Amino acid sequence: MQLSKRNLYRFPWSGNDNPIGWLEVTDKCNTYCRGCYRINGMQGHKSLEQIKDEVALLKKWRNCDNISIAGGEPLIHPDILEIIAYIRSLKMKPLILTNGIRLENDRPFLMELKKAGVIGFTFHIDSEQNRPHWKGKTEFELFELRQHFADMVHSVGGLFASFGMTVYPGNLDFVPEMVKWANRNVDRVHGLVLIGFRNAAMEGDYDYYADGKPIAPETSYFTDNTAESYLTSTDVYNKIKEHFPHYETSAYMGGSQTHDKLTWLVSAQLGTKHKMYGSVGAKVMELFQTIHHLRYGTYVIYSPSNKIPKIAFLLGMFDKGVRATSGKFWREVVRRPTELFKPIYVQSIGIIQGPDLMEDGRVDMCESCPDMTVWDGKLVHSCRMDEWRLYGSYLVAQPREAANGKVISPESIPVAEPAETIGK
Ligand code: SF4
């Protein structure tokens, strides 16, 4: 399949009806990742009261199905069990985005989190993390740790486990190894999240303004060296496609400023412990979102169950991806009848291409950003929340005169307006 919007399903998510609400409960962390976009320890743990207000706002104005609990490191927040229980009480799915350090040797804590109502975890593990006891380990050596968490969560049961990594040019060639490992563990690894590394040029072609005042950006993602900040979601997709014929993406999100950018690429692979057979197509992705919205009133991104009944192959009647997958499966059953009795699993791969600073100073975000979070009663992009924490507004980049010989006045640059205070 040629990677083009025409062959993919555009997620119907919007700012007002989005399955994800991003909740940062603390900016404290117990490690430091090179690609982190949050300044650690600037404000510490949020109070339970503030957190409840933010969750309620996300429920009321964004119609979320799930709350992604992030940080800093959410598992070091003293009220994490109450936070999970509160989200659950509002009939939303609490998912924890964690580096796992707090959980590594603490199965009883995992049991407590499950009892409180957590639906699962996205473990962020990569070699750029300064992780205690794992410093200097290669991506390959970190499989031991990834396997530990996958087995631990699987042994408790009923929980979602996915694994995230920041993709730099330096570890792009490692991505197929991540997919191979995940496929081998299709019964206990529900998905992968691959995020292209991004930072912004401190020096060079832009001046930066906050509320019209010139500033020198101090957020963690402004650097002198942006040499590594160019991978696109298509680059990561092509790397996987090179190695895995069964892999195909079927849904996307575009850019907020440009028409030809694919910021989110999502696939749902199907297979057994023995073999991966294919990926669902755009029609089934659409059906899944539509049925969930009709049935529960929300769109969806996380489903705790990763088992698919074989009758689902009937969806091949109108979905090319499922039809091809079903054909491969039944041909394998002829060769290996025991496959008939093996469960079929679904495993997602989400590729995210973060914001891009454009020549004219606009910032191309992910359209209908799924990871919007709450700042001071407003919804803002979580990847740029430090601009609000430091300057009380999004930064505006103005191309320097030298850059293109033309003087561009700040007010003439069409910049995406920050999310208005909805309903106030
Ligand atoms: S725009 Fe939204 S989805 Fe995209 S990287 Fe930023 S926070 Fe994440």
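Residues numbered from 1 in each chain as written. Predicted model: local features only at pLDDT ≥ 70, side-chain atom pairs only at ≥ 80, totals over all residues. Heavy atoms only, no water.

### Points about the overall build of the chain
When helices and strands are counted, the chain shows ten helices and 21 strands. Judged by the C-alpha coordinates and their principal axes, the chain covers about 70 × 45 × 45 Å. Buried positions account for 53% of the 424 residues belonging to the chain. Across the chain, the fraction of contacts at a sequence separation of at least 24, relative to all contacts at a separation of at least 6, is 74%. (Helix = DSSP H or I, 4+ residues; strand = E, 2+ residues; numbered from the N terminus. Buried < 20%, exposed > 50% of the residue type's maximum accessible area, 1.4 Å probe, protein only. Contact = heavy atoms within 4.5 Å.)

### Notes on the site of the ligand
The environment of the ligand is made up of Trp264, Gly354, Met365, Cys366, Cys369, Pro370, Asp371, His381, Ser382 and Cys383. When grouped by side-chain class, the residues that make up the shell around the ligand number six nonpolar, three polar and one charged. (Near = heavy atom within 4 Å. Nonpolar A, V, L, I, M, F, W, Y, C, P; charged D, E, K, R; others polar.)

### A word on the sheet that holds strand S9 (residues 206-210)
Here three strands make up an open sheet; going across it, the order is S10-S9-S21 and the pairing antiparallel. The open sheet is flanked by strand S10 (213-215) and strand S21 (396-399), the only strands paired with a single partner. Ignoring strand direction, the axes of neighbouring strands in this sheet form an average angle of 45°. Sheet topology places S9 next to S10; three bridges connect them, and they run antiparallel. Looking at S10, one finds that Ala210 is bridged to Lys213. (Pairing = 2+ DSSP bridges. Axes fitted to C-alpha atoms, helices over the stretch in contact; angles between N-to-C directions.)

### Overview of the packing of helix H5 (residues 175-184) against helix H6 (residues 233-243)
The description of two packed helices rests on the angle between their axes and on the distance between the axes. The interhelical angle for the contact between H5 and H6, taken along N-to-C directions, is 60°, at an axis separation of 9 Å. Viewed along their axes, H5 and H6 adopt a mutual orientation that is oblique. Helix-helix and strand crossings are classified by hand; for H5 and H6 the assignment is right-handed. Within the contact between the two elements, H5 uses Val175, Pro176 and Val179 and H6 uses Val236, Lys239, Ile240 and His243. Of the residues belonging to the contact of H5 with H6, the class tally is five nonpolar, one polar and one charged. (Parallel < 35°, antiparallel > 145°, perpendicular 65-115°, else oblique. Left-handed = near helix turned anticlockwise from the far one by under 90°.)

### Overview of the environment of Lys310
Among the secondary structure elements, Lys310 is positioned in the loop between strand S15 (307-308) and helix H8 (320-335). Through-space distance from the C-alpha of Lys310 to that of Leu357 is 45 Å; in sequence the pair is 47 residues apart. The residues touching Lys310, leaving out its near neighbours within four places in the chain, are Phe329, Glu339, Leu340, Lys342, Pro343 and Ile344. Of the polar contacts made by the side chain of Lys310, one reaches the backbone oxygen of Leu340; its length is 3.3 Å. (Polar contact = N/O pair within 3.5 Å; in protein donor to acceptor, adjacent residues only side chain to side chain.)

### Brief notes about the pairing of strand S20 (residues 378-381)
Two faces, one strand: in a regular strand the side chains alternate between the faces of the sheet. Side-chain alternation along S20 places Lys378 and Val380 on one buried face and Leu379 and His381 on a second face that is also buried. Here strand S19 (residues 372-375) pairs with S20 via four bridges, running antiparallel. Counterpart to Met372 in the pairing with S20 is His381. Turn length for the S19-S20 hairpin, with the two strands adjacent in sequence and antiparallel, is two residues, and the turn residue Asp376 shows positive phi of about 55°.

### Here's the deal with the side chain of Asn18
Looking at the secondary structure, you find Asn18 in the loop between strand S1 (9-10) and strand S2 (20-24). For Asn18, a relative accessible area of 0% puts it in the buried group. Excluding anything up to four places from it in sequence, Asn18 contacts Trp13, Arg62, Asn63, Cys64, Asp65, Ser368, Cys369 and Pro370.

### A short note on the packing of aromatic side chains
The way to describe two aromatic rings as a pair is by their centre distance and the angle between their planes. Under the definition given, this model contains 20 aromatic pairs. Between the aromatic rings of Tyr9 and Phe11, the centroid separation amounts to 6.2 Å while the plane-to-plane angle is 70°, which identifies the pairing as edge-to-face. Overall, Tyr9 belongs to the buried group, its relative accessible area being 10%. Every member of this aromatic cluster is reached through a ring pair, and the members are Phe121, Phe123, Phe140, Phe143, Phe149, Phe163, Phe174 and Trp181. (Phe/Tyr/Trp six-rings, centres within 6.5 Å; stacked < 30°, edge-to-face > 60°.)

### Side note on the pattern of salt bridges
Scanning the entire structure with this criterion turns up 26 salt bridges. Ionic pairing is found between Arg38 and Asp386, a salt bridge with its closest N-O pair at 3.0 Å. With Arg38 in the loop between S2 and helix H1 (48-62) and Asp386 in helix H9 (residues 385-391), this pair connects stretches of sequence that are 348 residues apart. Asp386 shares its class with Arg38; the two are buried. As a salt-bridge pair, Asp151 and Arg188 come within 3.0 Å of each other at their nearest N and O atoms. Of the two residues, Asp151 is situated in helix H4 (residues 143-156) and Arg188 in the loop between H5 and strand S7 (191-196); the sequence distance between them amounts to 37 residues. Under the relative-accessibility criterion, Arg188 is labelled buried at 19%. Linked by salt bridges that have partners in common, Glu24, Asp27, Arg38, Asp386 and Arg389 make up one network. (Salt bridge = Lys/Arg side-chain N within 4 Å of Asp/Glu carboxyl O.)

### What to know about the nonpolar core
The tendency in soluble globular proteins is for nonpolar side chains to be buried as a group. With 66 residues, the main nonpolar core has Ile69, Leu103, Phe121, Phe163 and Ile240 as its most contacted residues. Considering every element that reaches this core, the biggest residue donor is H4, with seven residues. In this structure Leu103 touches Leu75, Phe109, Leu110, Leu113, Phe121, Phe123, Phe149 and Met152, once residues within four positions along its chain are discounted. Listed in part, the 22 residues of the second largest apolar core include Ala251, Val266, Leu270 and Val284. (Core = buried A, V, L, I, M, F, W, Y, C linked by side-chain atoms within 4.5 Å.)

### Quick word on the confidence of the model for the chain
Confidence in the prediction for the chain averages 92 pLDDT; 93% of positions are at 70 or higher. Overall, residues 413-424 carries pLDDT values under 50, and its contacts beyond four positions in sequence, including any with other chains, amount to 21 contacts. (pLDDT = per-residue confidence, 0-100.)

### Notes on unusual backbone geometry
In this chain, Gly71 is followed by Gly72 through a cis amide linkage whose omega measures 20°. Along the chain, Gly72 turns up in the loop between strand S3 (66-70) and helix H2 (80-89). In this model, Asp211 sits at a positive phi of 55°, which is unusual for a non-glycine residue. Within the secondary structure, Asp211 sits in the loop between S9 and S10. A residue is classified by how much of its surface remains accessible, and Asp211, at 56% relative accessible area, is exposed.

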